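Observations on the model geometry
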Amino acid sequence: MNIFTIPVPSPSSLWTTIHLGGAFNVACSFAALWALVKVLRMLRWRMKTTQLLGPPRTSLVYGVSRDLAISQDSAAMYERWTTEYGVVYMIPSVLGQTTVVLCDPRAIAHFYARETRTYVHTPLSLALLESSVGKGLIWSHGETHRRQRKALTPAFSNAAIRKLTSVFYDSAYKAKGQWDNVIESSKDDDAVIEVQNWMNHISLDTVGIAGFSHDFGALDGKPASVTEVFDTFGSNQKASAVNEVFILLASVFPIILKIPSKRQNLFKKLSVTMGQISNELLIRSRREKDVSIGEGGQENSIIGLLIKSEGQDAELHMSEEEVIAQMRLLLLAGYETTSISLTWALIELSRHPDVQTRLREELLAFGPDPTYDQLKANLPYLDAIVHEILRLHPSVPEITRLAAADDVIPLSEPVRMASGNMTNSISVAKGTLITISIGAINRSSTIWGPDAKEFKPDRWLTEDGISGKAKEVQGHRHLLTFIDGPRTCLGKDFAIMEFKTVLSVLVKNFVFEMQDGPDTPVEVARGVLPRPRVVGEDGTGVPLRIRRYE
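Residues numbered from 1 in each chain as written. Predicted model: local features only at pLDDT ≥ 70, side-chain atom pairs only at ≥ 80, totals over all residues. Heavy atoms only, no water.

Bringing the overall build of the protein into the picture now. Secondary structure summary: the protein contains 19 helices and 12 strands in total. With 550 residues in all, the protein has 52% of them scored as buried. Surface summary for the protein: the accessible area is close to 25,200 Å², and the carbon and sulfur share equals 57%. (Helix = DSSP H or I, 4+ residues; strand = E, 2+ residues; numbered from the N terminus. Buried < 20%, exposed > 50% of the residue type's maximum accessible area, 1.4 Å probe, protein only. Areas by Shrake-Rupley, 256 points an atom, 1.4 Å probe, with all protein chains shown as cover.)

Have a look at this one:
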């Protein structure tokens, strides 16, 4: 080869080089445009949002978000910051994001009144909800949410739930019968029973029969695919810890959820399993015509209303995709929330034998199993215990929403801004993240008094048991456990009635003790929702020593 020869590229290779260079320039232009948009949004956010005090970041990447995610008591962290910085403050979040935290009753009431319109799910929440339960009631917002909620409301009326009380009793007595057999077969007069698993079975069978006229048979020992998936979520706590980091990063880049991971695969499996079950139940109900839908529109069962909504006019119509999503949501909510509350109730009663004895005495003095109306009105100590559990141990410990529009949030007391000046309201710009710690509000010493952290059912029995500040909290019985506003839990009365019915049967017939004494440590394990677990147990195990009450 002549060293003085200059190679001349072919036309095709020259075009490839130009093409690649053009693609690179286009990519750079898009990146620059994206960065410019981000900068402009940040400038607008700083101009439109009241700058507040708050804790310093403990991580350049995560702010304080990872501290909250791995904490056994994030509510205590939020409450401590409230004491230091005021009833509203800012916390540094993932990759430079900032979140406004509301701990003021008036601000929270304002927020909830505008939920589904001014305050909506974050992109991460929407992605997680869609992948697990679909585009149902909990996913939707605005007019779609109003339409879906209106279609389902009759299924959760007092009249509808009154008819379901016998279903709650049937599940409770099935569990009682199984426990009797376990105790009978033991050498002693008692047995150690892992109660959380049983509460899961009670909840699943109850929601299956009450909602869809289907018996999953969990209390009879039949394997159910949905319970296997649910149980897997809490079985690997190391994987759950890794998942916290995964979710934190996904809060900024939701596309990360597309990356396969053990937890994402579990959510996919859960979604597929619940979808298959829901689809089978829907097809069966249509085919067998189990539900009678009167011309006057008096059908009030859940499955009946869902089938009815498919043929409704535009006002209440739901597509098949929406119907399946509602069924998946009801399976998830029915299985997770009530079973968690029942487990916490048995733990607290085991820790406080005097409270357990007093409750049993009230139930035995009442006599036969109370009716729906009697459960609501004639057993004050049972009611007090149920609401004290709901206060101390909310199933959903916090919520985060995104401001879909600029807003001004009023406060019940002035707060100091980052500038040092005081203000009676705060401005939030579109795109602002807003967090409410339900656990912190429910257990706040400022709101509920100095004994707020104690399990004290008596607070619900006297006029002065609930402080004036707590009465400012809008929500069911001044609690945020069931949320408030347009997203108030539609199944609230269903859950409370099931809770009361099951607890009354179990406490009337059995005595509960912590396996290693009242001071046995209990921690929070990561499942689909946070669940209690006795320290040292696998998964979400809560073994209690149980004997018959003679």
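Still more to cover.
What follows is about the environment of Glu498. Looking at the secondary structure, you find Glu498 in helix α19 (residues 492–509). For the pair formed by Glu498 and Val167, sequence separation is 331 residues and the distance between their alpha carbons is 8.9 Å.

What follows covers the sheet that holds strand β8 (residues 433–437). Strand order in the open sheet formed by five strands is β1-β2-β8-β5-β3, and the pairing between neighbours is mixed. Among the strands making up the open sheet, the edge pair consists of β1 (88–92) and β3 (119–121). Direction aside, neighbouring strands of the sheet carry axes that sit 40° apart on average. Against the sheet, helix α3 (residues 74–85) touches β1, β2 (98–102), β5 (398–403) and β8, its axis set at about 120° to β1. (Pairing = 2+ DSSP bridges. Axes fitted to C-alpha atoms, helices over the stretch in contact; angles between N-to-C directions. Contact = heavy atoms within 4.5 Å.)

Taking 1.5 Å per residue as the helical rise, α3 with its 12 residues ought to reach 16 Å, and the 16 Å between its terminal C-alpha atoms agrees with that figure. Those residues of α3 that fall on the buried side of the exposure criterion are Ser74, Ala75, Met77, Tyr78, Glu79, Trp81, Thr82 and Tyr85. At the C-terminal side of α3, Gly86 shows a positive phi close to 110°. (Expected span 1.5 Å × (residues − 1).)

Further remarks concern the packing of aromatic side chains. Applying the stated criterion across every chain yields a total of 13 aromatic pairs. An angle of 70° between the planes, with centres 6.3 Å apart, marks the rings of Phe156 and Phe494 as edge-to-face. With a gap of 338 residues between them, Phe156 in the loop between α6 (142–152) and α7 (158–185) and Phe494 in helix α19 connect regions that are remote in the sequence. Residue Phe494 is classed as buried on the basis of its relative accessible area of 9%. Between Phe510 and Phe512, the ring centres sit 6.5 Å apart and the planes meet at 65°, which makes this aromatic pair edge-to-face. The lysine or arginine in question, Arg358, covers the ring of Tyr381, its NZ or CZ lying 4.0 Å from the ring centre. Of note, Arg391 hangs over the ring of Trp448, and the distance from its end group to the ring centre comes to 5.4 Å. (Phe/Tyr/Trp six-rings, centres within 6.5 Å; stacked < 30°, edge-to-face > 60°. Lys NZ or Arg CZ within 6 Å of the ring centre and 35° of its normal.)

Another aspect to go through is a nonpolar patch on the surface. Taken together, the side chains of Leu60, Val61, Leu95, Phe253 and Ile255 present a nonpolar region at the surface, about 520 Å² in accessible area. Within the secondary structure, Val61 is located in the loop between α1 (11–48) and α2 (65–70). Using a relative accessible area of 35% as the deciding quantity, one classes Val61 as partly exposed. (Patch = residues over 30% accessible without salt bridge, like charges linked within 9 Å, V, L, I, M, F, W, Y side chains within 5 Å. Salt bridge = Lys/Arg side-chain N within 4 Å of Asp/Glu carboxyl O.)

Looking now at the sheet that holds strand β9 (residues 510–514). In any sheet, the strands associate via hydrogen bonds between backbone groups, in a parallel or an antiparallel arrangement. Pairing in this open sheet of three strands is antiparallel, and the strands run β4-β12-β9 from one edge to the other. Of all strands in the sheet, those bounded by a partner on one side alone are β4 (190–194) and β9. For this sheet the average axis-to-axis angle between neighbouring strands, irrespective of direction, equals 35°. In the sheet, β9 pairs with strand β12 (residues 543–548) via five bridges, with the strands oriented antiparallel. By the bridge assignment, Met514 is partnered in β12 with Leu544. Along the sheet face, α7 touches β4, β9 and β12 and points at about 90° away from the line of β12. On the sheet, helix α8 (residues 195–212) packs against β4 and β12 and is oriented at approximately 65° with respect to β4.

Pairs can form between side chains of opposite charge once their charged atoms are near each other. Summed over all chains, the structure comprises 32 salt bridges. Salt-bridge contacts for Asp180 lead to Arg548; the nearest nitrogen and oxygen are separated by 3.1 Å. Placement of the pair is Asp180 in helix α7 and Arg548 in strand β12, with a sequence separation of 368 residues. Residues joined in a network through salt bridges with shared partners are Glu388, Arg391, Asp451, Lys456 and Arg459.

Turning our eyes to something else, we now look at helix α5 (residues 123–132). Of the positions making up α5, those classed as buried are Leu124, Leu128, Leu129 and Ser132. Taken around the axis of α5, the buried residues stretch over an arc of 125°, which confines them to a single face. Of the residues one or two after α5, Gly134 is the one with positive phi, at around 90°. (Arc of directions from axis to C-beta.)

On to the nonpolar core, then. As a rule of thumb, soluble globular proteins bury nonpolar side chains together. Of all hydrophobic cores here, the largest spans 144 residues; its most connected members are Leu102, Trp179 and Leu503. In terms of residue count, helix α13 (residues 320–351) provides more of this core than any other element does, 15 residues in total. For Trp179, the contacting residues outside a window of four places in its chain are Ile193, Val195, Trp198, Met199, Leu506, Phe510, Phe512 and Ile546. Listed in part, the seven residues of the second largest apolar core include Leu128, Ile247, Ala250 and Ile256. (Core = buried A, V, L, I, M, F, W, Y, C linked by side-chain atoms within 4.5 Å.)

For the rest of this paragraph, the subject is the side chain of Ser74. Here Ser74 is to be found in helix α3. Look at Ser74 and you get buried, because its relative accessible area is 16%. Those residues in contact with Ser74 that sit more than four places away from it in its chain are Leu68 and Glu398.

Moving on to unusual backbone geometry. For Ser213, which is not glycine, the phi torsion reads 55° and is therefore positive. Structurally, the position occupied by Ser213 is in the loop between α8 and α9 (225–233). Ser213 gets classed as partly exposed once you look at its relative accessible area, which sits at 47%. Positive phi values are uncommon outside glycine, yet Ile483 reaches one of about 65°. You can see Ile483 is positioned in the loop between α18 (445–448) and α19.

These figures come from the coordinates and say nothing about function on their own.
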